[in-house]
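Remarks on the overall topology
In case you want the letters, here they are:
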Amino acid sequence: MESVYDHLVTVLADKFEVDADAMRPDSTLTALELDSLAVVELYVTLQEHYRIPLEEDDSAAGLTLEQLARTVGAQLSAAGAPADGGAPR
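Here goes a summary of the coordinates provided. (Residues numbered from 1 in each chain as written. Predicted model: local features only at pLDDT ≥ 70, side-chain atom pairs only at ≥ 80, totals over all residues. Heavy atoms only, no water.)

As a further point, take the overall build of the protein chain. Across its full length, the protein chain holds 3 helices and 0 strands. Reading the secondary structure of the protein chain in the N-to-C direction produces α-α-α. Within the protein chain, counting contacts between residues at least 6 apart in sequence, those at least 24 apart form 56% of the total. When the accessible surface of the protein chain is split by element, carbon and sulfur atoms take 48% of a total near 5,300 Å². (Helix = DSSP H or I, 4+ residues; strand = E, 2+ residues; numbered from the N terminus. Contact = heavy atoms within 4.5 Å. Areas by Shrake-Rupley, 256 points an atom, 1.4 Å probe, with all protein chains shown as cover.)

Here's what the structure looks like:
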């Protein structure tokens, strides 16, 4: 099963055309040049893929990739689904 972090990186590269070399666990969505509309679209994409609710607010763009992956992983765990919410080991 693809980890949440790996899926997040794939979505950012494929759908949002973020340079893979720019993505690190400590990269924020803002640093990756996602505007507020792109952040909302990313959250919707993740919600649809994992079938979980995600709360997107004004601070979402400041989250790091690792923090966002952990948030998704926590929601998956709460829903009873197996999850690997962290960055690659």
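In this structure, E33 is a non-glycine residue whose phi angle is positive, near 65°. With relative accessibility at 72%, the residue E33 sits in the exposed group. Even without being glycine, R51 reaches a positive phi, approximately 60°. Topologically, R51 is positioned in the loop between α2 (36-50) and α3 (65-78). On the basis of relative accessibility, which here comes to 75%, the residue R51 falls in the exposed class. (Buried < 20%, exposed > 50% of the residue type's maximum accessible area, 1.4 Å probe, protein only.)

At their nearest, the axes of helix α1 (residues 4-14) and α3 sit 9 Å apart, and the two run at 125° to each other. As the angle between them shows, α1 and α3 are arranged oblique. In terms of crossing hand, the pair formed by α1 and α3 is right-handed. Every residue of α3 that contacts α1 at V4, Y5, L8 and L12 is listed here: L65, E66, L68, A69, V72, G73 and L76. Partitioning the contact of α1 with α3 into residue classes produces 9 nonpolar, 1 polar and 1 charged. (Axes fitted to C-alpha atoms, helices over the stretch in contact; angles between N-to-C directions. Parallel < 35°, antiparallel > 145°, perpendicular 65-115°, else oblique. Left-handed = near helix turned anticlockwise from the far one by under 90°. Nonpolar A, V, L, I, M, F, W, Y, C, P; charged D, E, K, R; others polar.)

Our focus in this paragraph is the environment of I52. Looking at the secondary structure, you find I52 in the loop between α2 and α3. With relative accessibility at 5%, the residue I52 sits in the buried group. As for I52 and A78, which are separated by 26 residues in sequence, their C-alpha atoms are 9.5 Å apart. Sequence-distant contacts of I52, defined by excluding residues within four places in its chain, comprise Q47, V72, Q75 and L76.

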